[in-house]
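Summary of the model geometry
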Amino acid sequence: MSLLPPGSRQPALLQTMRMRDPVHYFASLRRRYGPVFRMQLIGFPPQVVVSTAELAAEIYSTDGDGNRAGALRAGYVPWLGDYSLFTNDGEPWWRHRKLLSPALHGRSIASYPDLIAEIAAEDIRTWPLGRPFALQEHMQAITLEVTLRLVFGIRDVTQLARLRTLLLTLSKASGSPLLFLMPARLRAWAEKSPLAMRVPVLPTTRTMKASAAVDEILFAEIARRRDEEDGDATDVLGRLLQARDDEGRSMSDQEIRDELLTLLEAGLETTATGLSWAFERLMRSPDVLRRLQEELARGEDDSYLEAVVKEVLRLRPVITGSGRLLDKPLRLGGYEIPAGWVAIPMFSLIHQDSEAYPDPEEFRPERFLGEGAQAAQKSFLPFGGGRRYCVGAQLAMMELKVIIREVLRRVELTAADPAPEAQRMWHVTLVPGKRAVAVAREQPLNRAPLSEEPRCPVHPAPPE
């Protein structure tokens, strides 16, 4: 009797094609095969998927010594470099985790909310009034500007403008679906071949050229900041320049560059998408929106705002799941999963577990308040879990709450179309199918009119 979990017997090609709509595909496999099932996609090892928080915890228990999550990602984001927290494993990963964590938590980011609100306000003043527009483009502009100012700490206006355009180009090129359909060997060749690099339409060419241009600016900025030796710097770059490991060693220029791009890769699209879903859901949930506005007006605390953010991330997870490449066999839900397989806690399924979340399709922030909050929190995994829990989760939650508050303070939003927007796969994120189309109107009690001229417009021109 096989100890492998059940799963689809379709050829890997057909299973891969079904990934155009991963949410519904995974849900159909869960209904047919139960909470543990296997699948096979082109270019990947065999995969086992779990759909409950308890089974996810069994996978996360292997994080200390039993899997290589970084190796699973390394071939698909080579522009992040050899030192990225995203693609590393073992002791190098742990060293960087300890160096990076202090810059993204607690007192290090305590002063950020005011600047995040200012950045959001600058962009909101550029929004068209009374006609439909895509919110997601503006959420990307805001989160990019937050990254530029609070993470990279670049102040030179000319360099800011150039880097802004290059980072958008890099994000767009690296998000091409073709890039993720290319076999790993073909991609590796295309990224290094002088012949392939002369073909401008290839996503590998656009990605690597944009990465090289970004590197030129980042290394110059790192060198300049080293010369300044600013011990009072509050941006992430400044703090990484001061960071020392247990042996007193600092980070090299390349290490810092790799982690700056990792924060961009991990936070830009995901935070912008989370914000887009927040407004997409709020515009279609008038009771929730009304209560949120009342709570924000009272200004007593942000517990309901935090509950709204969590419910958005539960109901519309930005990432479907995050896997681990197993180094050792794993006993999982009564099955024996061989070494060399990929084990995936699937967030889009775990967040729909009716045992943890009754009526899981309903948008109900109250799940994260009162007596049921602890049970809801146990199955809440938008930032992953285990040892590799997202290092930027605290900053991401701060951004989400501050920007939502600032938008609702300044404009009234209504949906251009009352029908919910479908979840669509873009790169590795699940974005609103129409990019969160909204109609904005000025808040009647707005104390900072939209007609004010912004001090520094942050909505960028589209990348070339």
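By the naming in an unreviewed UniProt entry, the chain is Cytochrome P450, taken from Streptomyces endocoffeicus. Note on the chain: under the UniProt heading Cofactor (unreviewed entry), the record states "heme".

Describing the sheet that holds strand S1 (residues 36-39)
Reading across the sheet, the four strands line up as S1-S2-S7-S4 and stay open at both edges, with mixed pairing between neighbours. The sheet is open, and its two borders are formed by S1 and strand S4 (324-325), each paired with just one other strand. Bridge count for S1 against strand S2 (residues 47-50) is four bridges, and the pairing is antiparallel. Residue pairing for S2: Phe 37 is matched across the bridge by Val 49. Sheet strands in contact with helix H3 (residues 53-60) are S1, S2, S4 and strand S7 (342-345), and its direction is about 140° off that of S7.

Brief notes about the sheet that holds strand S8 (residues 411-415)
Spatial ordering of the open sheet is given by S3-S11-S8, a layout of three strands whose pairing is antiparallel. The open sheet has two edge strands, strand S3 (132-134) and S8, and neither has a second partner. Sheet twist, expressed as the average angle between the axes of neighbouring strands with direction ignored, equals 45°. In terms of strand pairing, S3 meets strand S11 (residues 437-442) through three bridges, oriented antiparallel. Bridging across to S11, Phe 133 finds its partner in Ala 438. With respect to the sheet, helix H18 (residues 393-410) is in contact with S8 and S11, its orientation differing from that of S8 by roughly 95°.

Focus on the packing of aromatic side chains
Summed over the entire model, instances satisfying the criterion amount to six aromatic pairs. With a centroid separation of 6.4 Å and 45° between ring planes, the pair formed by Tyr 357 and Phe 368 is classed as tilted. Remark: Phe 368 occurs in the loop between helix H16 (347-350) and helix H17 (373-378) and Tyr 357 occurs in the loop between H16 and H17; sequence separation between them is eleven residues. Each member of the pair, Tyr 357 as well as Phe 368, carries the same accessibility label: buried. Here the aromatic cluster, defined as three or more aromatic residues joined through ring pairs, consists of Tyr 357, Phe 368 and Phe 380. Over the aromatic face of Tyr 357 sits the side chain of Arg 314, whose NZ or CZ is 5.0 Å from the ring centroid. Taking NZ or CZ as reference, Arg 316 lies 5.3 Å from the ring centre of Trp 277, over its face.

Looking at the pairing of S11
As judged from the five bridges shared by S8 and S11, these two strands associate in the antiparallel manner. Following the sheet pairing, Glu 412 is matched in S11 by Arg 441.

Overview of the side chain of Arg 314
Mapped onto the fold, Arg 314 is located in helix H15 (residues 303-315). For Arg 314, a relative accessible area of 0% gives the class buried. For Arg 314, the side chain forms a polar contact with the side chain of Glu 311, separated by 2.8 Å. Among the polar contacts listed, one links the side chain of Arg 314 to the backbone oxygen of Pro 360, at a separation of 2.8 Å.

About the thresholds
- Residues numbered from 1 in each chain as written.
- Predicted model: local features only at pLDDT ≥ 70, side-chain atom pairs only at ≥ 80, totals over all residues.
- Heavy atoms only, no water.
- UniProt positions renumbered as here; feature names shortened; annotations may be inferred.
- Pairing = 2+ DSSP bridges.
- Helix = DSSP H or I, 4+ residues; strand = E, 2+ residues; numbered from the N terminus.
- Contact = heavy atoms within 4.5 Å.
- Axes fitted to C-alpha atoms, helices over the stretch in contact; angles between N-to-C directions.
- Phe/Tyr/Trp six-rings, centres within 6.5 Å; stacked < 30°, edge-to-face > 60°.
- Buried < 20%, exposed > 50% of the residue type's maximum accessible area, 1.4 Å probe, protein only.
- Lys NZ or Arg CZ within 6 Å of the ring centre and 35° of its normal.
- Polar contact = N/O pair within 3.5 Å; in protein donor to acceptor, adjacent residues only side chain to side chain.

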